Amino acid sequence: MGSAHLRCERMFDSYFTPGQQGAIALAMALALLAIGLQAKKQHTWALLSVTASAFVLRLFAAWLDPFLNDWDEVFHAVVAKNMLRDPFTPMMYTDTALPLTESWTRNHVWLHKPPFFLWQMALSLKIFGLHPWAIRLPSVLWMTALVPVTARMAWLISKNRDTAFAAGLLVTFCYYIQELVTGSLATDHNDAVFIALVACSWWSLLEHWHRGKLGWALLVGLFSACAVLTKWYVGLCVFLPWGLVILGEGFRRKALFPFLGAALIALSLAGAWWLSIRTRFPELAASESRDNWLRFTEPFEGHGGSWTYHFDHIADLLPPLTIWILLPGLVWLVLRAADQRHRIFLIALPLAVHAFFAVAATKMDGYTMVLLPLYMIALANLLVTLINSVEADRYRAVILSFALVVVGALGLDLERTQFRHSEYRGEVASQDPWRERFRALAYEDALLGKLDGAGPFVIFNVPSQRSYELMFRSPHACMDIIPTQAEVDRLRAKGYSVVVVQDTHLLDDLPKGVQVITDGELPYPRIQRN
């Protein structure tokens, strides 16, 4: 990735490639078209256009990094790949002869997360092949679908077409969503699919209240089940406001029957998986349940913080917003809601989610981002309300269009995307992880070319999480540890060829009977950290 490459790729003083710049231009053109159509009251075409803009932006994000990202995309990718062999037995490593542990990063059967999003990733890999962008395609589709779903929810709550369109546009131009699709934020595609599924369960509930049809209630149960099968119990949150409404209405049979039908679907489908893993892998399933409880009582793997943690991180994840913008927006949305059920919905969900994760000892950025659609609806409603206060009617559409362009541009934060996902040169070496990853890819290609013998191979001491990416890209098992002599002997007895990467270790300290890739023949590339 030398300077000549940089010179030929630079256009318009940007580190994005010409193709990436073209995708951005297309997305912007579609969004501007949508804004123009909305100003002319062509609401359906406006929503279709902004949804197309979202699809282009999500594809742009999926193709930004030609490698898998750390924490947690590399892990999810390996498990999804192994699901091609057995979709109902998620595995990190497929052979128990390897030196495995009980850690979710180095075990055999992998129950660290439920399987619904992994099934989709595995299906994408089966159709398109073992490519990083194929891992991201389910997130592309779900995060595109979130645009019309959020817009429809906004209309059902506000009955205002401008609010609905603005909410959809804000979801389209959302930096946090783009980063989820790239796979570069912790829990990545797991959160992307989960946020969309929970939003679909909320949308189905609002449609059920609006139309009174049983089918929408049953869809609540289906989407909720899929959400639980993606990220466990918060996927059931839709039943909180629904239950409160039924309680306030005195448990009327007409309202209670759809609720119970939806709950039966959700619990049956999610319960089937829970019962399966409890029966097939009782000890591991029990261990994962204990870990889930520990997340509430103590910081899991060091992810702690104060009770304001998730409020404090809103500004970083949803620029240019802060809790001090979103909170008044949510309050105003509640006050303006004409339907008492909607007021309960808008109060119960943010309060419950934030209260739960404020009390929980483990803190992670994405935990409360399941509320993102409500945040965007609240902001859109606040923005439209302020603009509607302008007395001159003829200026309102122009002001709203201008405001949406500005807020959308700020929300997408392309400068930060360029910093994280291009050849942008940081001021210090530690700001060059993208370049370092490319060097790692070149190293992995050279390493695979040096394997001696017919295999199958087990490659040890592959630095850091690159071992998982190498497992995804090749048919070989890889680990970031030095094996013991007993472990080497066991693997050789099973027919494996054992390879150890030296990577600064003394040759005398390595086990016997292995192929050593010495630093002299292939040093691992690193950028020195400051």
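Residues numbered from 1 in each chain as written. Predicted model: local features only at pLDDT ≥ 70, side-chain atom pairs only at ≥ 80, totals over all residues. Heavy atoms only, no water.

Draft legend 1. Looking closely at the pattern of salt bridges. The tally for this structure, following the rule as stated, stands at 18 salt bridges. Measuring nitrogen to oxygen at the nearest pair gives 2.9 Å for the salt bridge that ties Arg416 to Asp316. Here the residue Arg416 occupies a position in helix 20 (residues 414-420), and Asp316 occupies one in helix 15 (residues 314-317), the gap between them amounting to 100 residues. Judged by its relative accessible area of 22%, Arg416 is partly exposed. On the accessibility criterion, Asp316 (38% relative accessible area) is partly exposed. Here Arg341 and Asp339 are joined by a salt bridge, their closest N and O atoms 2.9 Å apart. Taking the relative accessible area as the measure of exposure, Arg341 reaches 24% and is therefore partly exposed. Salt bridges sharing partners connect three or more residues here, namely Asp70, Arg437, Glu444, Asp445, Arg466, Glu469 and Arg473. (Salt bridge = Lys/Arg side-chain N within 4 Å of Asp/Glu carboxyl O. Helix = DSSP H or I, 4+ residues; strand = E, 2+ residues; numbered from the N terminus. Buried < 20%, exposed > 50% of the residue type's maximum accessible area, 1.4 Å probe, protein only.)

Draft legend 2. Structural detail: unusual backbone geometry. The omega angle of the peptide bond from Pro319 to Pro320 is 5 degrees, so this bond is cis rather than trans. Here the residue pair Gly455 and Pro456 is connected by a cis peptide bond, since its omega of 5 degrees sits within 30 degrees of zero. Along the chain, Pro456 turns up in the loop between helix 21 (433-449) and strand 1 (457-460). For Phe251, which is not glycine, the phi torsion reads 55 degrees and is therefore positive. Here Asp413, not a glycine, exhibits a phi torsion of approximately 50 degrees, which is positive. You can see Asp413 is positioned in the loop between helix 19 (393-412) and helix 20.

Draft legend 3. How the structure looks around the side chain of Asn69. Relative to the helices and strands, Asn69 is located in the loop between helix 3 (43-62) and helix 4 (73-83). The exposure class assigned to Asn69 is buried, which follows from its relative accessible area of 8%. Asn69 has contacts with Val74, Arg136, Thr182, Gly183, Ser184 and Arg437, leaving out every residue within four places of it along the chain. (Contact = heavy atoms within 4.5 Å.)

Draft legend 4. Examining the sheet that holds strand 2 (residues 477-478) more closely. Reading across from one edge, 2-1-3-4 is the order of the four strands in this open sheet, with parallel pairing throughout. Each of the sheet's edge strands pairs with one partner strand only, and the pair in question is strand 2 and strand 4 (515-517). The pairing of strand 1 with strand 3 (residues 497-501) spans four bridges and is classified as parallel. The partner of Phe460 across the bridge, within strand 3, is Val500. (Pairing = 2+ DSSP bridges.)

Draft legend 5. Representation of a nonpolar patch on the surface. There is a patch of nonpolar side chains on the surface, built from Trp324, Leu327, Val331, Trp332 and Leu335 and spanning about 560 Å² of accessible area. In this fold, Val331 is placed in helix 16 (residues 323-336). By relative accessible area, Val331 is classed as partly exposed at 43%. (Patch = residues over 30% accessible without salt bridge, like charges linked within 9 Å, V, L, I, M, F, W, Y side chains within 5 Å. Areas by Shrake-Rupley, 256 points an atom, 1.4 Å probe, with all protein chains shown as cover.)

Draft legend 6. Representation of the confidence of the model for the protein chain within the structure. For the protein chain, per-residue confidence averages 91 on the pLDDT scale, and residues scoring 70 or more make up 95% of the total. Across residues 1-9 the pLDDT falls below 50, and counting only partners more than four positions away or on other chains, this stretch makes 12 contacts in the model. (pLDDT = per-residue confidence, 0-100.)

Draft legend 7. View of the side chain of Gln38. Secondary-structure assignment places Gln38 in helix 2 (residues 18-39). A polar atom in the side chain of Gln38 sits 2.9 Å from the side chain of Asp162. For Gln38, the contacting residues outside a window of four places in its chain are His43, Ala46, Arg161, Asp162 and Phe165. (Polar contact = N/O pair within 3.5 Å; in protein donor to acceptor, adjacent residues only side chain to side chain.)

Draft legend 8. Representation of the pairing of strand 1 within the structure. Alternating residues of strand 1 divide into Phe457 and Ile459 and Val458 and Phe460, and every residue in both groups is buried. In this fold, strand 1 hands off to helix 22 (residues 466-473), which returns the chain to strand 2; that crossover is right-handed. (Right-handed = clockwise from strand over helix to strand, strands pointing away.)

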